[in-house]
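In case you want the letters, here they are:
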Amino acid sequence: MDPREALDQIASEVRGCTRCNLHHSRKCSVPGEGPANARILFIGEGPGVNENEQGRPFVGAAGKLLENLLAKAGLRRDEVFICNVVKCRPPGNRDPLPEEMAACGKYLDRQIEAIDPEVIVTLGRFSMGKFLPGARISAIHGQAKVVDGRLVVAMFHPAAALHQPALKPALEQDFANLPRHLMLVSTTVPQTQNTPVGPIHTYHELVHDEPPAEDADPQQLNLF
Ligand code: URA
Ligand code: SF4
């Protein structure tokens, strides 16, 4: 199926979904939005009060901050795909339950398959846990990890930075580094100017266990 059609199909199923208990208290489910060919997929936690009203992701204060952070990466909101681990609001913004994430995960998996993004950015610990179980966000935020042949970068949740301003500089720095991750994916490990050009390592080689170039910046890619 064409990716756009697949995403529209998922969105229509999500709007009428009753697979978990969150459907009882929601007003609007929030499938997510963005271009089908987005290179980056951002995955938050779940809709808040504003998202539940409007049926769109990240439209409240955290969304405003997300837009500012995207600008630090030279990105506009309308060129990335934005969604959440659970598509319906957990009452009172409580944490999503394991069974809710399991029920809703099928939609997220289908979205990932349809978009086939080059980079997945997880916002907060619940979406991080899907790809990097057991990881500590304070230890690994901003690092590019290869998970199932795709780059995954875990970041703090923008709402966390609103509550704890001390997290904001790290979040800004992690967004500012996103273009480097995208560059790595699209072609090669960048060579420094004075180094003779060595073998070119493509993303394909990197994710298929070829070692990165010796002079590659170790911050750029942390293979498990
Ligand atoms: N927080 C999230 O995790 N997702 C949203 O859509 C809004 C706020
Ligand atoms: Fe369905 Fe997901 Fe909403 Fe639960 S949270 S009702 S699984 S769309």
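Computed from a predicted model, the values in this text were never measured in an experiment.

(A) Inspection of the layout of surface pockets at higher detail. If you add up the space inside the largest pocket, you get close to 690 Å³. At the level of elements, α3 (49-54), α4 (61-72), α6 (125-131) and α8 (158-163) are the ones that each hand at least two residues to the lining of the largest pocket. With four residues, the top contributor of residues to the lining of the largest pocket is α8. Its residues assigned to classes, the lining of the largest pocket shows 14 nonpolar, 10 polar and five charged.

(B) Looking closely at the site of ligand 2. Near ligand 2 you find Cys17, Arg19, Cys20, Leu22, His23, Arg26, Lys87, Cys88, Ala103, Cys104 and Tyr107, and these make up its full shell. According to the grid-proximity analysis, the pocket containing ligand 2 is the largest cavity. Considering every element that reaches the shell around ligand 2, the biggest residue donor is helix α5 (residues 98-115), with three residues. A breakdown of the residues in the shell around ligand 2 according to their chemical character gives seven nonpolar, one polar and three charged.

(C) Region of interest: the pattern of salt bridges. This structure, assessed with the given rule, holds 12 salt bridges. A salt bridge links Glu33 to Arg77, with the nearest nitrogen and oxygen atoms 2.9 Å apart. Placement of the pair is Glu33 in the loop between α2 (22-25) and β1 (40-44) and Arg77 in the loop between α4 and β2 (81-84), with a sequence separation of 44 residues. Exposure remark for Arg77: the relative accessible area of 15% places this residue in the buried category. The salt bridge involving Arg94 is made with Glu100; its shortest N-O contact spans 2.7 Å. We classify Arg94 as partly exposed; its relative accessible area is 31%. Residue classification places Glu100 among the buried residues on the basis of a relative accessible area of 3%. Linked through salt bridges whose partners overlap, the residues forming this network are Glu33, Arg56, Glu67 and Arg77.

(D) Inspection of the pairing of strand β3 (residues 119-123) at higher detail. When you tally the buried positions in β3, you get five out of five residues, the bulk of the element. Both faces of β3 are covered, namely the face carrying Val119, Val121 and Leu123 and the face carrying Ile120 and Thr122. Examined bridge by bridge, β1 and β3 share four bridges and lie parallel to one another. The residue bridging Leu41 from the neighbouring strand is Ile120, located in β3. Strand direction decides the pairing type here: β3 and strand β5 (residues 150-155), joined by five bridges, are parallel. Paired with Thr122 across the two strands is Ala154, which belongs to β5.

What counts as what
- Residues numbered from 1 in each chain as written.
- Chains lettered and ligands numbered in written order.
- Predicted model: local features only at pLDDT ≥ 70, side-chain atom pairs only at ≥ 80, totals over all residues.
- Heavy atoms only, no water.
- 1 Å grid on protein atoms, 1.4 Å probe; cavity = no way out; pocket = protein on both sides within 12 Å on 5 of 7 lines; lining within 4 Å.
- Points joined across faces, edges and corners; volume = space filled by probe spheres on them.
- Helix = DSSP H or I, 4+ residues; strand = E, 2+ residues; numbered from the N terminus.
- Nonpolar A, V, L, I, M, F, W, Y, C, P; charged D, E, K, R; others polar.
- Near = heavy atom within 4 Å.
- Sits in = over half its atoms within 2 Å of the grid points.
- Salt bridge = Lys/Arg side-chain N within 4 Å of Asp/Glu carboxyl O.
- Buried < 20%, exposed > 50% of the residue type's maximum accessible area, 1.4 Å probe, protein only.
- Pairing = 2+ DSSP bridges.

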